[in-house]
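Overview (structure and organization)
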Amino acid sequence: CVAGSYLAFQGSASNNCGLCVAGSYTSASGFTTCTPCISGTYSSGSGMSVCASCGSGQVAGGAGLTSCSSLCAAGYFATTTGLSTCTSCGIGTFASSTGLSTCTACGIGTYANSTGQLDCRQCSAGTYSEVTGMSMCSMCSSGAFASGPGLTACYSCVAGSFASGT
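Reading the values: rules and limits
- Residues numbered from 1 in each chain as written.
- Predicted model: local features only at pLDDT ≥ 70, side-chain atom pairs only at ≥ 80, totals over all residues.
- Heavy atoms only, no water.
- Helix = DSSP H or I, 4+ residues; strand = E, 2+ residues; numbered from the N terminus.
- Polar contact = N/O pair within 3.5 Å; in protein donor to acceptor, adjacent residues only side chain to side chain.
- Contact = heavy atoms within 4.5 Å.
- Disulfide = S-S within 2.5 Å.
- Buried < 20%, exposed > 50% of the residue type's maximum accessible area, 1.4 Å probe, protein only.

Moving on, we get to the side chain of T127. Looking at where T127 falls in the secondary structure, it is placed in strand β15 (residues 127-128). Of note is the side chain of T127, whose polar atom sits 2.6 Å from the backbone oxygen of S124. If near-sequence neighbours (up to four positions away) are discounted, T127 is found in contact with C137, S138, M139, C140, A146 and L151.

When you line up the elements, T110 lands in strand β13 (residues 110-111). Excluding anything up to four places from it in sequence, T110 contacts C120, R121, Q122, C123, S129 and M134.

Our next topic: the state of the cysteines. Counting across every chain of the model gives 9 disulfides. Through a disulfide, C1 is tied to C17; the S-S separation comes to 1.9 Å. Here C1 and C17 share a disulfide; its torsion about the S-S bond, -90 degrees, makes the bridge left-handed. Note that C1 is positioned in the segment before β1 (5-7) and C17 in strand β2 (residues 17-19), a separation of 16 residues in sequence. The class of C1 is partly exposed, set by a relative accessible area of 22%.

Laid out in structure tokens, this is it:
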């Protein structure tokens, strides 16, 4: 029997070969059984000699699958092909949609303080973030203020006025 098929009955002639069903394969001739595709791979048709890897942003979470089982959820990613699980976006990053191969760093004036975030939060009044990828915003020092959300810097008080860090 050729690759992608198996000997259906022991001792039978080569014309009694069966095709491997979707989700399995044989890589060479002479097999008596087909092998299930391993986790992270799939075969969508019968008679396959190899299993295909799921693309970036997709996973196949079990053996013997006929397709990639799912896209990575928002907040998660899969950087390379052939993965069986997605990874959550790290602190300071986010993934706003499904099927992504990477997470995006939070922009200036924003932060993400936990993993698996769908978006970043704006720094609140009295705080700021001047670089990307922050896990928290910095407090304005005494004598400076940030009057609104999402600011990238604090502003110094004018002469004769005072701010207590907010």
